[in-house]
Every structure is written in C-alpha cells, then in structure tokens.
Amino acid sequence: MNFIIGVVSVIGGVGRQARFWPAPAVLAVLTVLAVPAAVMAAATAQAGTGAGTESTCTGQRFTDVCPGDWYYPYVMDLTNIGAVSGYADGTFRPGNTLTRGQAVKVVVISMGLTGPVPPTPTFADVPRTQAFFQWVEVAAANGVVNGYACGGPGEPCDSQHRPYFRPGANVNRGQLAKMVVLARRWTTYRPPTPTFNDVPPDSVYYGYVERVAAYSVIGGYTCGGPGEPCPGRYFRPTGTATRAQAAKIISIARVLMPPPEPTAPAVSPTPTVAVPTPVGTRTGGCSVFPANNIWNRNIAALPTHALSNNYIASIGASAYLHADFGSGTWNGGPIGIPFVTVPGTQPRVPIYFTDYPDESDPGPYPVPTNAPIEGGPNGTGDRHVLVIDRDNCVLYEMFYSFPQPDGSWRASAGARWPLTSNALRPAGWTSADAAGLPIYAGLVRYDEVAGGAIRHALRFTAPRTQRAYLWPARHYASTSTDPNLPPMGLRVRLKAGVDISGYPQQVRVILQALKDYGMFLADNGSAWYISGAPDERWNNDTLRLLHNLRGSDFEAVDESSLMVHPDSGESR
C-alpha cells in the first residue's frame with residue numbers, strides 16, 4: 001500500500017507468483033503466517049473495526065505496527081513480498097482508509113497478476129501519468145475491475161466513451177471482497193441462507209462476500225451496533241476498508257488453498273450445443289442483463305416507427321421468416337450459434353484480435369480450447385464463439401474465431417459483457433456483432449421455448465442496411481445513406497392482429513415473443529433470418545412453419561421514449 005508515491009518504491013512484486021500451499025481443507029492461515037491463536041481471534045473480532053487503538057513500538061519496520069497487534073502478521077507478510085509500504089515518518093497508519101487505486105495495486109502485486117498495458121488507457125480518469133495506471137490496467141486485463149460508465153456528474157464522455165475508475169475514491173468492503181475473489185479466480189458462492197444480515201442474496205456483492213466468508217477470509221461484525229439489531233452478523237459491505245483490514249483480507253487470500261468443491265467443475269468442459277440448464281433460469285444463476293434492460297422490455301404497446309413501411313419494404317415485405325437454427329448439422333456444422341458455459345475457475349487465455357483490436361475488449365478470456373464454433377471447426381462463415389462465465393456472470397463473445405495450438409485464440413473482434421450491467425459498447429464500436437450488440441441476449445434457446453415463454457428480444461438479419469444505427473446499437477455496417485434502408489438496432493415486432501393460435505407450441509412461443517419483445521436488427525444477412533442456439537431437441541419441420549410469416553406481418557417500433565441515457569441499455 002504505497003500511499004506516498006516516490007517516497008517508498010513498491011515494484012519488486014510485479015510478476016511475482018502467489019504462493020499456493022497445499023492443504024486438504026481450508027488453509028489454517030494462523031499456521032502459515034505463524035499467527036498466535038490469540039492474535040487470530042482478535043483479528044476475526046476486530047477486522048471490521050479498523051485498527052483499534054494504534055500502538056507504538058520501536059525497533060520494528062513500522063512504529064505503529066507492533067507484534068501484539070492483530071494486524072501485525074498480515075502487514076508484515078505483505079511488506080515482505082513488496083506489496084505494501086508506509087509513510088516517510090516510519091508509520092503504516094493501519095486505521096487510515098484505502099482508495100480504489102491503492103487497493104488494486106496491493107491486490108495485483110500480492111496475487112502475482114500480470115497482463116498487457118494497452119496503448120490507450122482503459123479508463124478516462126487513469127491516464128499513463130496517474131500513479132496507479134499500470135496496476136489498474138493489469139487488474140482490468142484480468143477481469144478484476146471494470147469501472148463506471150461515463151456521463152455522470154463530473155465525468156463527461158470522451159470520443160471513445162471510456163468508463164471511469166475513480167482511483168481516489170475509498171474502496172468499500174464489498175468491492176474489496178469482489179476484487180480478491182476475482183483476482184484468485186475463485187467461484188462465487190451463493191448459499192440459500194445469507195451469512196450476513198446486510199448482504200442479502202440480491203446484493204451485487206452476495207456471491208463474493210459469501211465466498212470469502214466460506215473460506216474464513218473475513219469474519220464480519222457481531223450484532224448489536226447502531227442499526228444492526230440482533231440476532232445475526234453484519235459485514236457492512238458499503239463501509240470503507242482500512243489499511244489494516246485490507247492487509248488481513250489480502251494476506252490470507254493470497255496464500256489460501258481452498259478445499260475441493262463438492263462437485264468440482266472441469267477446467268475445460270466438453271462443450272455442448274444444447275445447454276441443459278440455461279443461464280437465465282438456473283437456481284442462483286445469471287440473469288441476462290438487469291430486468292430494466294431494453295433487451296428485456298416488453299414493447300407490445302409502443303408506437304410504430306414513422307418509417308416502418310419503408311423499412312419493412314426494403315427488408316422484404318414478401319420474404320418469409322426463417323429460423324436460422326435447429327437440430328442436426330448443415331455443411332458439417334451445428335445449425336445456429338452455439339454457446340458454452342464455464343465455471344469461474346476456467347483458465348483465461350490470450351486473445352489476439354486481427355481486424356478490430358481498437359474496438360475489442362482486451363483478453364484474456366476464459367475460452368476453452370474446444371469451445372464450440374458457429375459453423376463447426378471447419379466453418380467458413382462468421383465463426384462466432386460465445387462463452388458465459390456462469391459464476392461471475394460475464395459473457396464473452398468473439399467473431400471469426402480460430403483456436404491456436406498454444407491454447408490462445410485469434411479473432412476478428414471480441415467483446416466482454418458483464419451480465420449484471422446495463423453498459424453499452426462505446427459509441428461507434430463494433431462487438432462480435434455488426435451492430436455492436438451482444439449476440440447471446442438475442443438467441444432463441446430451446447429451454448426457454450420448452451418452458452413456455454421467451455421474455456427478451458430476439459436477433460435478426462437483413463440483406464441491406466443503412467449507414468446509421470439506433471439505440472441501443474453502437475455500430476453500422478454499410479456505406480449507404482438511403483433513409484429507406486433499416487439502420488442497425490432497428491426493432492421490429494409481429495403485428496398484434498396476426499393469428500398464432502393454430503401453431504405448435506415450439507413455434508407459438510417464438511411468435512408470441514416476437515409480438516411482446518420483438519427483435520433487433522443486428523447484422524447484414526438473409527432477410528428475416530432469426531438467430532437461435534443449436535439443440536438436438538428442435539423439430540426442424542416444426543420450425544419451418546415460421547415460413548408462413550412474411551415481412552408484411554411485421555412493423556418497426558419507435559422505442560426512443562424508453563431511453564434513459566444513450567450510453568446505457570437501461571429503459572424507462
């Protein structure tokens with residue numbers, strides 16, 4: 001925790017590998033760090049109360065960190081590996097608060113994280129001259145931190161719409177727990193009964209706080225304090241973390257060898273084109289973006305777009321609707337856009353972007369070497385690869401993707417989508433999709449259809465598009481300025497008067513979704529081709545009944561009234 005830049009240098013820990021000491025169960029940190037039992041007990045009780053009354057001693061590395069202090073072994077551990085230092089007057093000041101920039105630096109060094117430093121800073125408020133620049137960039141490259149969308153008070157958007165990190169803001173206890181879990185690449189843990197009264201299951205920190213609690217990295221506060229009635233325990237996730245608290249949490253976490261999970265997930269899972277437990281519906285699973293995200297918004301009652309007739313005619317009023325997905329194979333590959341889910345422990349591998357590196361989120365990504373590819377391993381089409389980190393709720397998507405012998409991947413472009421966020425791509429950026437939108441969010445998935453309802457917008461293509469895009473799209477893929485052509489991000493719906501009652505359930509569920517949620521124009525391609533995930537349970541003959549629907553059965557929607565901010569997918 002080098003808080004006096006230039007006074008004490010903390011560089012020796014860069015690239016250092018964290019030590020992983022074997023143990024059959026949760027590592028007894030008091031043994032590893034030679035912590036007396038009395039000190040450990042005090043640490044558990046006091047780790048939430050700051051440093052307590054700071055002591056004074058001579059002949060020690062810090063005059064206010066003494067052998068009898070509960071935080072002494074943790075501060076010394078991090079000092080010895082070059083992760084923390086103190087002030088010019090010889091103090092450590094254990095009761096002082098910790099900033100986000102300071103916390104990231106200690107986490108990166110302590111966990112031995114390394115990563116690329118991009119030519120353009122990731123965050124608008126962390127330029128190359130900022131004291132914590134390299135640490136923040138390494139943390140971002142490893143998926144430990146993201147940031148805040150631009151556009152807030154005092155945080156104007158630049159031409160790239162880069163987010164803000166707020167390195168000088170105090171880090172809270174929930175954020176620190178999340179950083180540690182992500183840095184150690186532990187899976188999140190979501191027990192049915194919360195450990196702490198103030199960290200309920202719907203808290204953004206729940207899975208992270210429960211994980212560090214389960215591993216005995218944190219203890220929390222006993223009840224009875226102001227606003228903390230008994231019975232129960234409290235974590236105070238939004239409370240600031242002190243230097244002493246952070247030293248304890250990070251020191252224990254860096255050497256901890258977790259016990260085996262009851263059912264340990266495979267590191268490189270065998271991908272399947274049919275995921276038996278979909279991400280959006282599994283117990284304790286990930287929602288595909290917040291409930292107020294525009295993808296999840298029912299638009300049945302919205303007005304039609306003023307240019308609806310023009311757009312429908314240009315796409316093809318007489319062209320039929322087609323399911324670009326199904327069972328079996330076509331030209332040696334699965335029919336549709338496959339995806340795979342992986343645990344939070346899935347190794348991150350380098351991703352090398354060949355065509356749009358400036359508009360791609362840098363790796364590493366948790367992509368298995370055998371991840372399913374659209375069109376199959378020998379496919380010559382878009383070769384999309386979609387990976388969902390089911391423990392951290394992050395979606396990774398790549399376009400024109402090729403695995404490499406060393407485990408890395410090459411791709412034309414790639415995007416990282418935190419599924420708990422409404423953040424959009426920077427304006428003008430592509431993604432793995434031409435419109436700069438997520439692909440997975442718009443797929444028709446068998447399990448949803450079998451469950452009786454699709455509650456999100458779908459994705460479709462059109463043969464010719466305009467050199468423009470509509471919110472929430474962020475990118476166009478055309479040189480034509482013809483106003484009659486549809487722009488990327490155009491949302492259309494099936495007209496309310498179209499009778500769907502006579503169709504089989506597989507088709508009827510899809511058509512109802514097209515009435516209620518519609519579909520976004522996301523790429524150039526065949527007219528009215530809607531995207532879905534391959535699954536051997538699809539009945540291709542039944543899906544062909546969609547051909548009965550024509551372009552004239554659809555209308556374009558004006559959803560501009562739902563936009564809260566042009567740089568957010570949040571809807572009113």
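Residues numbered from 1 in each chain as written. Predicted model: local features only at pLDDT ≥ 70, side-chain atom pairs only at ≥ 80, totals over all residues. Heavy atoms only, no water.

Draft legend 1. How the structure looks around the sheet that holds strand E9 (residues 394–403). Spatially, E6-E8-E9-E10-E7 is the arrangement adopted by the 5 strands of the open sheet, whose pairing is mixed. Looking along the sheet, the strands with just one partner apiece sit at the ends: strand E6 (340–342) and strand E7 (351–353). Sheet twist, expressed as the mean angle between neighbouring strand axes with direction ignored, is 35°. Sheet analysis places E9 next to strand E10 (residues 409–418), joined by 9 bridges and oriented antiparallel. Within E10, the residue paired with phenylalanine 399 across the bridge is alanine 413. (Pairing = 2+ DSSP bridges. Helix = DSSP H or I, 4+ residues; strand = E, 2+ residues; numbered from the N terminus. Axes fitted to C-alpha atoms, helices over the stretch in contact; angles between N-to-C directions.)

Draft legend 2. Region of interest: the state of the cysteines. Enumeration over the complete set of coordinates arrives at 4 disulfides. Note on cysteine connectivity: cysteine 57 is disulfide-linked to cysteine 66, with sulfurs 2.2 Å apart. For the disulfide bridge between cysteine 57 and cysteine 66, the dihedral angle about the S-S bond is near -105°, and by the sign convention the bridge is left-handed. Taking the relative accessible area as the measure of exposure, cysteine 57 reaches 15% and is therefore buried. The exposure class assigned to cysteine 66 is buried, which follows from its relative accessible area of 8%. The disulfide partner of cysteine 286 is cysteine 393, and the gap between their sulfur atoms is 2.1 Å. Residues cysteine 286 and cysteine 393 share a disulfide whose torsion about the S-S bond is about -85°; that sign makes it left-handed. Taken as a pair, cysteine 286 in the loop between helix H8 (243–255) and helix H9 (308–315) and cysteine 393 in the loop between strand E8 (385–389) and E9 lie far apart in primary sequence, 107 residues in all. The exposure class assigned to cysteine 393 is buried, which follows from its relative accessible area of 15%. (Disulfide = S-S within 2.5 Å. Buried < 20%, exposed > 50% of the residue type's maximum accessible area, 1.4 Å probe, protein only.)

Draft legend 3. Spotlight on the side chain of lysine 515. Turning to its location among the elements, lysine 515 is positioned in helix H11 (residues 505–516). It turns out lysine 515 is buried and unbridged, and the closest side chain with the opposite charge, aspartate 499, is 6.6 Å from it. From its side chain, lysine 515 meets the backbone oxygen of valine 498 in a polar contact 2.6 Å long. In contact with lysine 515, not counting residues within four places along its chain, are Ala300, Arg493, Leu494, Lys495, Ala496, Val498 and Ile500. (Lys, Arg positive; Asp, Glu negative; His and termini not counted. Salt bridge = Lys/Arg side-chain N within 4 Å of Asp/Glu carboxyl O. Polar contact = N/O pair within 3.5 Å; in protein donor to acceptor, adjacent residues only side chain to side chain. Contact = heavy atoms within 4.5 Å.)

Draft legend 4. Highlighting H9. The complete set of buried residues in H9 reads Ser308, Tyr311, Ile312 and Ile315. Looking straight down H9, one finds its buried side chains confined to an arc of 95°; they lie on one side. Residues of H9 that are buried make contact with strand E11 (458–462), strand E12 (491–494) and strand E15 (554–557). Immediately beyond the C-terminal end of H9, within one or two residues, lies glycine 316, with a positive phi of roughly 135°. (Arc of directions from axis to C-beta.)

Draft legend 5. Geometry of the nonpolar core. If you look at the biggest cluster of nonpolar residues, it comprises 69 residues, and the most contacted ones within it are Leu321, Ile510, Leu511, Met519 and Trp528. Counting residues per element, this core draws most heavily on H11, at 6 residues. If we ignore the near neighbours within four places in the chain, the residues touching leucine 321 are Leu511, Leu514, Met519, Trp528, Ile530, Leu546, His547, Leu549 and Phe554. (Core = buried A, V, L, I, M, F, W, Y, C linked by side-chain atoms within 4.5 Å.)

Draft legend 6. The packing of aromatic side chains, seen in detail. A complete count under the given rule lists 17 aromatic pairs for this structure. Geometrically, the ring pair formed by phenylalanine 123 and phenylalanine 165 is tilted, given 5.3 Å between the ring centres and 50° between the ring planes. Highlighted residues: phenylalanine 123 in the loop between helix H4 (100–110) and helix H5 (133–141) and phenylalanine 165 in the loop between H5 and helix H6 (173–184), separated in sequence by 42 residues. For the residue pair phenylalanine 123 and phenylalanine 165, the accessibility class agrees, reading buried in each case. Among the aromatic residues, those joined into a cluster by ring pairs are Phe325, Tyr446 and Trp538. Sitting above the plane of the tyrosine 215 ring, arginine 211 keeps its charged end 4.5 Å from the centroid. Between arginine 383 and the ring centre of phenylalanine 402, over which it is positioned, the NZ or CZ distance is 3.9 Å. (Phe/Tyr/Trp six-rings, centres within 6.5 Å; stacked < 30°, edge-to-face > 60°. Lys NZ or Arg CZ within 6 Å of the ring centre and 35° of its normal.)

Draft legend 7. A look at the layout of surface pockets. Computed from the structure, the second largest pocket encloses a volume of approximately 840 Å³. Lining the second largest pocket we find 32 residues, and of these Asp324, Trp330, Ile335, Gly336 and Tyr529 sit closest to its centre. Those elements that provide at least two residues to the lining of the second largest pocket are strand E3 (322–324), strand E5 (333–334), E11, strand E13 (519–524), strand E14 (529–531) and helix H12 (540–543). Here the element with the most residues in the lining of the second largest pocket is E3; it accounts for 3 residues. Across the lining of the second largest pocket, the residue classes tally to 8 nonpolar, 18 polar and 6 charged. (1 Å grid on protein atoms, 1.4 Å probe; cavity = no way out; pocket = protein on both sides within 12 Å on 5 of 7 lines; lining within 4 Å. Points joined across faces, edges and corners; volume = space filled by probe spheres on them. Nonpolar A, V, L, I, M, F, W, Y, C, P; charged D, E, K, R; others polar.)

Draft legend 8. Structural view of the pattern of salt bridges. Under the definition given, this model contains 16 salt bridges. Here arginine 459 and aspartate 523 are joined by a salt bridge, their closest N and O atoms 3.7 Å apart. Here arginine 459, found in strand E11, pairs with aspartate 523, found in strand E13; they are 64 residues apart in sequence, far enough to count as distant. According to the relative accessible area criterion, arginine 459 is buried, its value standing at 4%. Arginine 491 is the partner of glutamate 559 in a salt bridge, and the nearest nitrogen-oxygen pair spans 2.9 Å. With a gap of 68 residues between them, glutamate 559 in the segment after E15 and arginine 491 in strand E12 connect regions that are remote in the sequence. Assigned by exposure class, glutamate 559 and arginine 491 land together as buried.

Draft legend 9. Fine view of the sheet that holds E12. An order of E3-E14-E11-E13-E12-E15 is seen for the 6 strands of this open sheet, with the pairing classed as mixed. With one partner strand each, in any of the chains shown, E3 and E15 form the two edges of the open sheet. Mean inter-strand twist for the sheet, computed between neighbouring axes without regard to direction, equals 40°. Bridge count for E3 against E14 is 3 bridges, and the pairing is parallel. Its bridge partner being in E14, alanine 323 is matched across the sheet by isoleucine 530. Strand contacts of H9: E11, E12 and E15, with the helix running at about 125° to E15, the strand carrying the most contacts. The sheet strands contacting H11 are E11, E12, E13, E14 and E15, and the helix crosses E12 at an angle near 125°.

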